[in-house]
Amino acid sequence: MPKRLVEKLRSFIPGNGKKKARHYQRQEIPRDQHNISRSMISEAAKKVLHRLNKSGYEAYLVGGGVRDILLGGQPKDFDIATNATPEEVHDLFRNSRLIGRRFRIVHVVFGREIIEVTTFRGNARDTSDDLADDEHKTSEHGLLLRDNVYGNQEEDALRRDFTINALYYCIRDFSIIDFANGVQDLNTRQIRLIGDPDTRYREDPVRMLRAIRFAAKLDFEIEPETEAPIRELAPLLTHIPPARLFDEVLKLFSAGHGEATYHLLQQYNLLAPLFPETARALATGEPDTLILQALRNTDARIAQGKSVTPYFLFAAMLWPALQVEWRRRQDNGDPVQPALHGAIGKVIGRQIQATSIPKRFSGPMKEIWELQMRLPRRQGKRAFGTMAHPRFRAAYDFLLVREAAGELEPGLGQWWTSFQQADERKQEKMLSELGAAGPKKRRRKRKPVRKPEQS
Ligand code: ATP
Ligand code: MG
């Protein structure tokens, strides 16, 4: 349905397809020529739009909210653009808060739903105003440090990242306003930066990740000029604060297309700035089968409406790096356990220079890794102790992923599956059978072992 409708939309655009990029002209698409209806927009977003309009301001739905509905999908959230200043918006909504420094925006909070309201941004480069210069600062790398110059709707559109993200829906007359041929790119399924790609990536290197994310999520192509500078500019991401990159990594892998996203990241040299140690491990020949398997599982979980925990994701993404470091330490003569602890510390220490990992996630991530060594040791009371561990469930899931990835002989995962389902008597029996089979006694090995114990 969306394709046909967008096709229909396209036929209303004058000069469609013949215009060269960057010679944009405002297009207005009336209500009967697009498929956005009010029922697809959340009540909260409609409330904000109506109140802003009634108070005399312009206000439009913009970004993913318009894009995803036009494509026949369900928007993740609704963003609103207005000519009211952040303070004016804040004054209008008791349930709102002013946030951000780089971009000052207002969050209007309705229970669990947050409507993000941004004031139209202008282009400071067009003015010689000193204040504008200060409010629109760039670093030596061309990075936008602040971007709080306000402007009109058209300027706002052209400051946005991709053409498909610069479509505005007006709730007064139900029209769509397209400043950058976004409808055309929706129709031909193209991710296209507005303006000069090199400049736009230098202003904000995260746009490279956003290009990948939307390409994977929407199954769009990144158009050649938008694609061309990415590989070379990918290292600029190292200038982005680790906390912002952590958020971006979560967005990349929690949209349900993690596996496709991962392949694109690799293809565009974007894995290294996000996960430097992982990229290094893979370059030395360490396999990424566990990462792929974990992302496949994650995608399947999201498709079923289940959640994904950041610590599970990071435990998987850093696993190859951990293996390399763990092995290196054992090769240097460290016993298995201290080698693991040392490796965990080192891998996390390096990772948080690229993306932060909040403590509430790094703790459980370490536990998932440490439990991988405990899961094979089940004799006596150990199995019960392991099962009572707060991170048992995640560690068991991780074990299943390792088995599915072919990293371990299958068997242990099934054993734990049965053990969890068994009653007490059956559990005792399973444990005594383990004993009868004669589990290998742990011995202190003088010589370093290459692999952790696996049975
Ligand atoms: P989704 O919410 O589904 O991830 P989105 O397109 O709505 O996708 P948001 O991060 O919510 O993305 O941002 C809302 C809008 O703000 C975008 O559609 C885009 O127009 C603009 N935007 C966001 N980030 C940037 C950026 N780094 N540079 C320029 N414009 C941006
Ligand atoms: Mg959004």
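Residues numbered from 1 in each chain as written. Chains lettered and ligands numbered in written order. Predicted model: local features only at pLDDT ≥ 70, side-chain atom pairs only at ≥ 80, totals over all residues. Heavy atoms only, no water.

Peer 1: Lay out the coordination of the magnesium ion (ligand 2) with the relevant residues and their values.
Peer 2: In this structure, Asp77 (OD) and Asp79 (OD) serve as the protein donors to the magnesium ion (ligand 2), at separations of 2.2 to 2.4 Å. Residue classification places aspartate 77 among the partly exposed residues on the basis of a relative accessible area of 29%. (Donors = N, O, S within 2.8 Å, 3.2 Å for Na, K, Ca; no water. Buried < 20%, exposed > 50% of the residue type's maximum accessible area, 1.4 Å probe, protein only.)

Peer 1: Hey, could you go over the site of ligand 1 for me, with residue numbers and the actual values?
Peer 2: Near ligand 1 lie 17 residues; those nearest to it are Gly64, Arg67, Asp204, Arg207 and Arg213. Arginine 67 is positioned such that a nitrogen or oxygen atom in its side chain is 2.8 Å from an oxygen atom of ligand 1. Side-chain polar atom of lysine 76 to an oxygen atom of ligand 1: 3.3 Å apart, as the coordinates give it. The cavity where ligand 1 resides is the largest pocket. For the shell around ligand 1, the secondary structure elements donating two or more residues are α3 (64-70) and α9 (206-218). For the shell around ligand 1, the element with the most residues is α9, which contributes 5 residues. Partitioning the shell around ligand 1 into residue classes produces 1 nonpolar, 3 polar and 13 charged. (Near = heavy atom within 4 Å. Polar contact = N/O pair within 3.5 Å; in protein donor to acceptor, adjacent residues only side chain to side chain. 1 Å grid on protein atoms, 1.4 Å probe; cavity = no way out; pocket = protein on both sides within 12 Å on 5 of 7 lines; lining within 4 Å. Sits in = over half its atoms within 2 Å of the grid points. Helix = DSSP H or I, 4+ residues; strand = E, 2+ residues; numbered from the N terminus. Nonpolar A, V, L, I, M, F, W, Y, C, P; charged D, E, K, R; others polar.)

Peer 1: So, the packing of aromatic side chains: which residues are in play, and what are the values?
Peer 2: Given two aromatic rings, their pairing is described by the distance between the two centres and the angle made by the two planes. Here the structure, examined in full by the defined rule, presents 15 aromatic pairs. Considering the side-chain rings of phenylalanine 392 and tyrosine 396, the 5.9 Å spacing of their centres and the 15° angle between planes classify their relative orientation as stacked. With phenylalanine 392 and tyrosine 396 both in helix α22 (residues 392-404), this residue pair falls 4 residues apart, about one helical turn. Like phenylalanine 392, the residue tyrosine 396 is buried in the burial classification. Within the aromatic cluster, the residues linked to one another by ring pairs are Phe384, Phe392, Tyr396, Trp415, Trp416 and Phe419. The lysine or arginine in question, arginine 213, covers the ring of phenylalanine 214, its NZ or CZ lying 4.9 Å from the ring centre. Against the face of tryptophan 415 rests arginine 378, its NZ or CZ located 4.7 Å from the ring centre. (Phe/Tyr/Trp six-rings, centres within 6.5 Å; stacked < 30°, edge-to-face > 60°. Lys NZ or Arg CZ within 6 Å of the ring centre and 35° of its normal.)

Peer 1: Residues and numbers for the environment of aspartate 79, please.
Peer 2: Relative to the elements of secondary structure, aspartate 79 occurs in strand β3 (residues 79-82). Along the sequence, aspartate 79 and leucine 61 sit 18 residues apart, while their C-alpha atoms lie 5.9 Å from each other. With near-sequence residues (within four places) excluded, aspartate 79 lies in contact with Tyr60, Leu61, Val62, Gly64 and Glu116. (Contact = heavy atoms within 4.5 Å.)

Peer 1: Describe the pattern of salt bridges, with residues and values.
Peer 2: Under the criterion given, the structure shown has 26 salt bridges. Here glutamate 87 ties to arginine 104 by a salt bridge, and the two come within 2.6 Å at their closest N and O atoms. Placement of the pair is glutamate 87 in helix α4 (residues 86-92) and arginine 104 in the loop between β4 (96-99) and β5 (105-110), with a sequence separation of 17 residues. Residue glutamate 87 is classed as partly exposed on the basis of its relative accessible area, which comes to 33%. With a relative accessible area of 28%, arginine 104 lands in the partly exposed category. Residues glutamate 223 and arginine 192 are paired through a salt bridge, measuring 3.6 Å at the closest nitrogen-oxygen approach. On the criterion of sequence distance, the pair formed by glutamate 223 in the loop between β10 (221-222) and α10 (224-227) and arginine 192 in the loop between β9 (190-191) and α8 (197-203) is long-range, its members being 31 residues apart. With respect to class, glutamate 223 is no different from arginine 192; both count as buried. (Salt bridge = Lys/Arg side-chain N within 4 Å of Asp/Glu carboxyl O.)

Peer 1: Hey, could you go over the packing of helix α16 (residues 289-303) against α22 for me, with residue numbers and the actual values?
Peer 2: Between α16 and α22, the shortest axis-to-axis distance is 9 Å and the interhelical angle comes to 120°. Judged by the angle between their axes, α16 and α22 are oblique. For α16 against α22, the interelement crossing comes out right-handed. The segment α16 lies against α22, with Leu290, Gln293, Ala294 and Asn297 engaging Phe398, Val401, Arg402 and Ala404. Tallied by class, the residues present in the contact of α16 with α22 amount to 5 nonpolar, 2 polar and 1 charged. (Axes fitted to C-alpha atoms, helices over the stretch in contact; angles between N-to-C directions. Parallel < 35°, antiparallel > 145°, perpendicular 65-115°, else oblique. Left-handed = near helix turned anticlockwise from the far one by under 90°.)

Peer 1: Please set out helix α13 (residues 258-267) residue by residue, giving values where relevant.
Peer 2: Every buried residue of α13 is listed here: Gly258, Thr261, Tyr262, Leu264 and Leu265. One face of α13 carries all of its buried residues, which in axial projection span an arc of 165°. Of the surrounding elements, those touching the buried residues of α13 are α9, α12 (242-253), α14 (271-274), α15 (276-283), α16 and α17 (310-317). Just beyond α13, the residue with positive phi is asparagine 269, at close to 60°. (Arc of directions from axis to C-beta.)

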